[in-house]
Amino acid sequence: MIMKGKKGLIIGVANNRSIAYGIAKACKREGAEVILTYQNDKLKKRVEKVADELEVKHIYPLDVTKEEEINALRESIEKDYGKIDFLVHSVAFAPREALDGKFINTSKEAFNIAMEISVYSLIELTQKLLPIINEGGSILTLTYIGSTRYIPHYNVMGVAKAALEASVRYLAVDLGEKKIRINALSAGPIKTLAASGIGDFSEILKYNEKNSPLRKNVTIEEVGNSGMYLLSDLSSGVTGEVHYVDAGYHLMGMPLYED
Ligand code: NAD
């Protein structure tokens, strides 16, 4: 019961294959009270199912591009729960056409969308939710090794993840004054809704399985446990870091790209 007595908001559950679901499940198992959001009405039913399973009292609408929804979320949480101890940002998006083919063809529109949804949202959520995060709290975002290495088709999302990881380092200093931590968890490839938008994703899964030291792909349960550790007091000395849970794949050389 490592998370007993803690309450946290987990953003990014789309269904029970989401990485955010794996983290929510691990937190709940260790005694935390979990709060969820849903991006839109299309995803609401699936999130409700997860909410039932994890005994979540309230779910709230949140499209991170809508400032008024972020403000409303803060007010609702304050009213329904008071303060929280942790926040998970497990959100990313880039238009499908930017996640296939060559990076050189990235449009300004796709670049801006990827950066707004996948990077700025972390900054804005941290800024706006900070007043309701308890001292000693912990924030976690999800990243991928495409931030520091070439990964076929990851393209603009690799640039967004590099910006996300840099944002974590800058936010860590601002939040450190309030004894709040922030880290990024770099997960190996997992078949989720978001991943289905990446070109040749099944090839990436196969490559990773063959080339990582553990000769396997990670599961959302494994990512969930690492995420829970970073949200818990067990990681009280850890902030501003990128923590890998990718079966050791980051230790290996450049992936080869065969066209
Ligand atoms: P997912 O599709 O289950 O989750 C992505 C979430 O982003 C969804 O819940 C979706 O509703 C949300 N989202 C997208 N646009 C949004 C918006 N405008 N407002 C609010 N929410 C929005 O997929 P996932 O793989 O679990 O992705 C979660 C995070 O993990 C992402 O940051 C992703 O880049 C990262 N990640 C995924 C992998 C992987 O291989 N699946 C690997 C490393 C990192």
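Reading guide: rules and limits
Residue numbers here run from 1 along each chain, matching the order of that chain's written sequence. Whole-chain, interface and lining totals are the exception, using all residues; otherwise, since this is a predicted model, local features are given only for residues with pLDDT of at least 70 and side-chain atom pairs are given and counted only at 80 or more. Excluding hydrogens and water, the side-chain values take into account all heavy atoms of the structure. Here the aromatic set is Phe, Tyr and Trp, taking the six-membered ring for Trp, and pairing holds for ring centres within 6.5 Å; pairs whose planes are under 30 degrees apart are stacked, those over 60 apart are edge-to-face, and all others are tilted. A helix here means a DSSP run of H or I that spans at least four residues, while a strand means a run of E at least two residues long, and both kinds are numbered starting from the N terminus. Burial status follows relative accessibility: with a 1.4 Å probe on protein chains alone, a residue under 20% of its type maximum counts as buried, one over 50% as exposed, and anything between as partly exposed. In short, DSSP must find at least two bridges between two strands for them to pair. Note on definitions: angles span 0 to 180 degrees between N-to-C directions of axes, and those axes are lines fitted to C-alpha atoms, for helices only across the stretch in contact. Residue contacts are defined here by distance: any two heavy atoms, one from each residue, within 4.5 Å place the two residues in contact. Crossovers are marked right-handed if the path from the first strand over the helix to the second runs clockwise, as seen with the strands pointing away from the viewer. The patches reported here contain residues having more than 30% relative accessible area and no salt bridge. Joining distances are 9 Å for like charges and 5 Å for nonpolar side chains (Val, Leu, Ile, Met, Phe, Trp, Tyr). Each accessible area is a Shrake-Rupley estimate made with a 1.4 Å probe; only the visible protein chains count as cover when residues are assessed. Salt bridges are identified by distance alone: a Lys or Arg side-chain nitrogen within 4 Å of an Asp or Glu carboxyl oxygen. We call a residue near a molecule or strand as soon as one heavy atom of that residue lies within 4 Å of the molecule or strand. We call two N or O atoms a polar contact when they sit within 3.5 Å, provided that within protein one can donate a hydrogen and the other can accept it, with sequence-adjacent residues counted only if both atoms are side-chain atoms. Side-chain classes follow a simple rule in which Ala, Val, Leu, Ile, Met, Phe, Trp, Tyr, Cys and Pro form the nonpolar group, Asp, Glu, Lys and Arg form the charged group, and the remainder, Gly included, forms the polar group.

Colleague: Please give an account of the packing of aromatic side chains that cites residues and values.
Modeller: On inspection of all chains with the given rule, the structure shows two aromatic pairs. An angle of 70° between the planes, with centres 4.8 Å apart, marks the rings of Tyr144 and Tyr154 as edge-to-face. In this pair, Tyr144 is assigned in the loop between strand 5 (133-143) and helix 5 (155-176) and Tyr154 in the loop between strand 5 and helix 5, connecting sequence segments 10 residues apart. The same class applies to Tyr144 as to Tyr154, namely buried. Relative to Tyr249, the ring of Tyr207 has its centre 6.3 Å away and its plane inclined at 90°; by these criteria the two rings are edge-to-face. Linking Tyr207 in helix 6 (residues 201-211) with Tyr249 in the segment after strand 7 (242-245), this pair joins segments that are 42 residues apart in sequence. Judged by relative accessible area, which is 26%, Tyr207 ranks as partly exposed. On the basis of relative accessibility, which here comes to 4%, the residue Tyr249 falls in the buried class.

Colleague: Can you lay out the sheet that holds strand 6 (residues 181-187) for me, pointing to particular residues and giving the numbers?
Modeller: Strand pairing in a sheet relies on backbone hydrogen bonds. The paired strands run either parallel or antiparallel. Taken in spatial order, the seven strands of this open sheet run 3-2-1-4-5-6-7, and their pairing is parallel. Of all the strands in the sheet, the pair left with one neighbour each is strand 3 (59-61) and strand 7. Across this sheet, the average inter-strand angle for adjacent strands is 20°, counted without regard to direction. Pairing geometry for strand 1 (residues 7-11) and strand 2 (residues 33-38), over four bridges, is parallel. Among the inter-strand pairings, Leu9 is bridged to a residue of strand 2, identified as Ile35. Contacting strand 4 (84-89), strand 5, strand 6 and strand 7, helix 7 (residues 220-231) runs over the sheet at an angle of about 165° to strand 6.

Colleague: Give a detailed account of the pairing of strand 5, specifying residues and quantitative values.
Modeller: Where burial is concerned, most of strand 5 is hidden: eight out of the 11 residues are buried. Judged from the five bridges that link them, strand 4 and strand 5 form a sheet pairing that is parallel. Counted as the bridge partner of Phe86 is Ser138 from strand 5. A crossover connection joins strand 4 to the parallel strand 5 through helix 4 (residues 108-129); in handedness this β-α-β unit is right-handed.

Colleague: Let's hear about a nonpolar patch on the surface: which residues, and what values?
Modeller: Together, Phe103, Phe111 and Val159 give the surface a local cluster of nonpolar side chains, amounting to about 230 Å² of exposed area. As for its position among the elements, Phe103 is in the loop between strand 4 and helix 4.

Colleague: So what about the site of the ligand? Which residues, and what values?
Modeller: Neighbouring the ligand are 27 residues, the closest being Ser18, Ile19, Gln39, Ile190 and Thr192. Residue Thr192 places a side-chain N or O atom 2.5 Å away from an oxygen atom belonging to the ligand. Contact with the protein chains removes 94% of the 810 Å² of surface that the ligand exposes when unbound. Of the residues in the shell around the ligand, the class split is 18 nonpolar, seven polar and two charged.

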